[in-house]
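# Architecture at a glance
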Amino acid sequence: MADIQVAGPSPYIVRIDRGLDEQVAQRISETGTRQALIVHQGPLKEAAESLRQRVEELGVHVTLAPIPDAEDGKSLAVAGQLWDTLGERNFSRQDVVVGLGGGATTDLAGFIAATWMRGIKVVQVPTTLLAMVDAAVGGKTGINTGAGKNLVGSFHEPDSVFIDLDRLDTLPEAEFVSGSAEIIKTGFIADPVILDIYQQGGSVPTEKIAELIERSVAVKASVVAQDLKESSLREILNYGHTLGHAIEKREDYRWRHGNAVAVGMMFVAILARNRGLIDDAVVELHREILDGIGLPTSYESGAFDELYEGMTHDKKNRNGQIRFVVLDGIGSTTRIGDAGMEELRTAYTELSQ
Ligand code: GLY
């Protein structure tokens, strides 16, 4: 069992363990709430029902709010339905929203909590590896609109986060691989021990998965504690995401997030090597680790112009220039904010070979 404290204006605990339902229920009841809204993906009905029973045993009334799977749940229409439900049930400032599901669910639940009466508590219970190590921790919440993904949102720190490792037992392999990309990302930007574990080859043993999650959350906790609103340091959590987001957009969000980020990390590794910030061995380490667990490290050769256009909309950009988080060593980051189109095309050509 591990508790990771996330410091900041509203500190909170990320608990990593197995069989956490009872503790989630306990925490909800301890907040002093009269009622809770459990926002969950449709297929998690049984898990939501079982959590509801435990919470109601402690005298807190629960409303279940099933939402469509994945990104479809993060829409204005679904948010509107949830606000209506909160209104019908007379949710007050003392009441609680719970996010039970993958990253889209925890983002949406966080956004609903952030906006209802200008902010009520949200308890996050991530069920995918990606949500455990990234989405549910750090207070970024949001929905997708016609203008793009996550352009409407708010920084709203959770009351608490419960990472129940039991939930990984039934997670599809492809989801597990995608989530691993975010863990590997934290290894490259801040914790090389993570890379050592992946370098041992083969599938990661179960006891090591707990350690990987703990290390990855610890990196995120430390970063967001210093820069919740991403004025500078938090950008490092976007390692690999600049091209990654452009690939997701080009693929109409049918690619898994982690897979797109894996390609994006390869790209910025090549970019940094071409600038002399890192050497070939670090680029090869990216390939070895990402390939090793089945993540993609290359992308279509004819796609550069479209991806370039996509990258010009990245939220990190400043003064019309695309800004990349890159490594200047393993576990050490800097930024490239002045790369010209031809420099990017050269790196992309190598990526796509
Ligand atoms: N997923 C990146 C961040 O939370 O800042």
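Presented here is a report on the structure given in the accompanying data block. (Residues numbered from 1 in each chain as written. Predicted model: local features only at pLDDT ≥ 70, side-chain atom pairs only at ≥ 80, totals over all residues. Heavy atoms only, no water.)

Let's shift gears to the overall build of the protein. The number of helices and strands found in the protein is 13 helices and eleven strands. Its C-alpha atoms give the protein a radius of gyration of 20 Å, near enough to 20 Å, the size a compact globule of 353 residues would have. In terms of overall dimensions, the protein has a C-alpha envelope of 60 × 40 × 35 Å along the principal axes. Here the protein holds 353 residues, and the buried ones make up 55% of them. Across the protein, contacts joining residues at least 24 apart in sequence account for 73% of those joining residues at least 6 apart. Carbon and sulfur atoms provide 47% of the accessible area of the protein, an area that totals close to 14,500 Å². Here the protein carries 34 positive and 51 negative side-chain charges, and the mean point of each set is 6 Å from the other. (Helix = DSSP H or I, 4+ residues; strand = E, 2+ residues; numbered from the N terminus. Rg over C-alpha atoms; globule rule 2.2 N^0.38 Å. Buried < 20%, exposed > 50% of the residue type's maximum accessible area, 1.4 Å probe, protein only. Contact = heavy atoms within 4.5 Å. Areas by Shrake-Rupley, 256 points an atom, 1.4 Å probe, with all protein chains shown as cover. Lys, Arg positive; Asp, Glu negative; His and termini not counted. Charge placed at Lys NZ, Arg CZ, Asp CG, Glu CD.)

Attention now moves to the nonpolar core. Core analysis: the biggest nonpolar cluster contains 78 residues, and Val14, Ile184 and Ile213 have the highest contact counts within it. In terms of residue count, helix α10 (residues 257-274) provides more of this core than any other element does, twelve residues in total. If we skip the residues at most four places from it in the chain, Ile213 touches Ile16, Leu129, Met132, Val133, Ile163, Leu165, Leu168 and Ile183. Counting 19 residues, the second-largest nonpolar core is a separate cluster that includes Ala65, Leu108, Ala113 and Trp116. (Core = buried A, V, L, I, M, F, W, Y, C linked by side-chain atoms within 4.5 Å.)

With that settled, the discussion passes to the sheet that holds strand β3 (residues 35-41). Strand pairing in a sheet relies on backbone hydrogen bonds, with the paired strands running either antiparallel or parallel. As summarised here, the arrangement of the seven strands in space is β1-β2-β9-β6-β5-β3-β4, forming an open sheet in which the pairing is mixed. Single-partner strands in this sheet number two, and they are β1 (2-6) and β4 (61-67). Strand-to-strand, the axes of this sheet are offset by a mean angle of 15°, without reference to chain direction. Of the strand pairs in this sheet, strand β2 (residues 12-17) and strand β9 (residues 160-164) are connected by five bridges, and their pairing is parallel. Of the residues in β9, the one forming a bridge with Val14 is Val161. (Pairing = 2+ DSSP bridges. Axes fitted to C-alpha atoms, helices over the stretch in contact; angles between N-to-C directions.)

Here we come to the pairing of strand β8 (residues 148-155). Note: strand β7 (residues 140-145) against β8, five bridges, orientation antiparallel. Within β8, the residue paired with Thr141 across the bridge is Ser154. Linking β7 to β8, which pair antiparallel, is a turn of two residues.

In the structure shown here, the tally under the stated rule is six aromatic pairs. Centre to centre, the rings of Phe304 and Tyr308 are 5.8 Å apart; their planes meet at 40°, and the pair counts as tilted. Residue Phe304 and its partner Tyr308 are located together in helix α12 (residues 304-311), separated by four residues, close to a single helical turn. Given the relative accessible area of 21%, Tyr308 is considered partly exposed. (Phe/Tyr/Trp six-rings, centres within 6.5 Å; stacked < 30°, edge-to-face > 60°.)

The next thing to look at is α10. In this model, α10 (18 residues) spans 26 Å end to end at C-alpha, consistent with the 26 Å of a helix rising 1.5 Å per residue. In terms of burial, α10 is a largely internal element, 17 of the 18 residues being buried. In the stretch just after α10, Gly276 is the one whose phi turns positive, near 80°. (Expected span 1.5 Å × (residues − 1).)

This next bit is on the site of the ligand. Close to the ligand lie Asp134, Lys140, Lys220, Glu230, Arg234 and Leu237. A distance of 2.9 Å separates an oxygen atom of the ligand from a polar side-chain atom of Lys140. Within the side chain of Lys220, one N or O atom sits 2.6 Å away from an oxygen atom of the ligand. Starting from 200 Å² of accessible surface for the ligand in isolation, the protein chains cover 90%. Residues of the shell around the ligand, tallied by class, amount to one nonpolar, no polar and five charged. (Near = heavy atom within 4 Å. Polar contact = N/O pair within 3.5 Å; in protein donor to acceptor, adjacent residues only side chain to side chain. Nonpolar A, V, L, I, M, F, W, Y, C, P; charged D, E, K, R; others polar.)

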